[in-house]
Amino acid sequence: MKRLLLSILMILTLAAAGVSAQDKAARRAFEKGLAAAGRENFAAALGDFERALTLAEPAAAGDDFRAAIYFNIGVCRYRLKDSARAVREFETAIELKKGVYEKAFYALGMADAELGDWPAAER
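Position numbers for residues start from 1 in each chain and track the written sequence from start to end. Per-residue local features are limited, in this predicted model, to residues with pLDDT of at least 70; the limit for side-chain atom pairs, both in listing and counting, is 80 or more; totals at the level of whole chains, interfaces and linings are taken over all residues. Here the side-chain values reflect all heavy atoms present in the structure, with hydrogen atoms and water set aside.

As for the packing of helix H4 (residues 63-79) against helix H5 (residues 83-96)
Then, number 1: Packing of H4 against H5 leaves a shortest axis separation of 8 Å and a crossing angle of 165 degrees. Viewed along their axes, H4 and H5 adopt a mutual orientation that is roughly antiparallel. The way H4 lies across H5 gives a crossing that is left-handed. Counted together, Asp63, Arg66, Ala67, Tyr70, Phe71, Ile73, Gly74, Val75, Arg77 and Tyr78 of H4 and Ser83, Arg85, Ala86, Glu89, Phe90, Thr92, Ala93 and Leu96 of H5 form the full contact between these two elements. To obtain an axis, a line is fitted to C-alpha atoms, over the contacting stretch when the element is a helix, and the angle between two such axes runs from 0 to 180 degrees between their N-to-C directions. Each helix is a run of DSSP H or I of at least 4 residues and each strand a run of E of at least 2, with the numbering of both proceeding from the N terminus. For classification purposes, angles smaller than 35 degrees are called roughly parallel, those larger than 145 roughly antiparallel, those between 65 and 115 roughly perpendicular, and all remaining angles oblique. If you view the pair so one helix is near and one far, a crossing is left-handed when the near helix is turned anticlockwise from the far one by less than a right angle, and right-handed when it is turned clockwise. Any two residues whose heavy atoms approach within 4.5 Å at even a single point are treated as in contact.

Remarks on the nonpolar core
Then, number 1: Among the buried residues, those of types Ala, Val, Leu, Ile, Met, Phe, Trp, Tyr and Cys that are joined through side-chain atoms within 4.5 Å form a nonpolar core. Throughout this description, buried means an accessible area under 20% of the type-specific maximum (1.4 Å probe, protein chains only), exposed means over 50%, and partly exposed covers the range between. Counting 31 residues, the largest nonpolar core has Phe30, Phe49, Phe65, Ile69, Phe71, Phe90 and Tyr101 as the members making the most contacts within it.
Then, number 2: Of all the secondary-structure elements, those providing two or more residues to this core are helix H1 (2-38), helix H2 (42-55), H4, H5 and helix H6 (102-114).
Then, number 3: Looking at which element gives the most residues to this core, the answer is H4, with 8 residues.
Then, number 4: Those residues within four positions of tyrosine 101 in sequence are excluded, and the remaining contacts are Ala67, Ala68, Phe71, Ala93 and Ile94.

On their own, these measurements won't tell you what the molecule is for.
Now the structure itself:
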C-alpha cells in the first residue's frame, strides 16, 4: 500500500513539474514576443505569441494569461494588415476576460473600422 501511495505521489509530482515547465516556456515565449513587438518586428512577435499560446495549457495558464496572448496576436495581425483575423483574436481575448477587457474592445473597434464594418466598430 505504501508503495502504491508513493508511486501515485511521484506521478503527480512529475505531472505538476511538467505543467510548470510548460507554463514557464509559454511565459518566456510571451516575453520574447513582447520584446519583438517593442522593436516593431510584428512578424517575429506573432510567431512568439503563437508559440506561447501553443504552450499555454488552458487549465494551468489561466484565462488572463491566455487573453493577453490572444490580444497580442491580434495586435500583431492588425499591424501586419490582417484585420479580419485580428478581429477574431480580439474577440477571443474579450471572451476569455468575460467581457471586461477595455484595450481589446478598443483594438477590436479599430480593426472593425479598418475593415469598413462601421456598425461593429461603433459597438
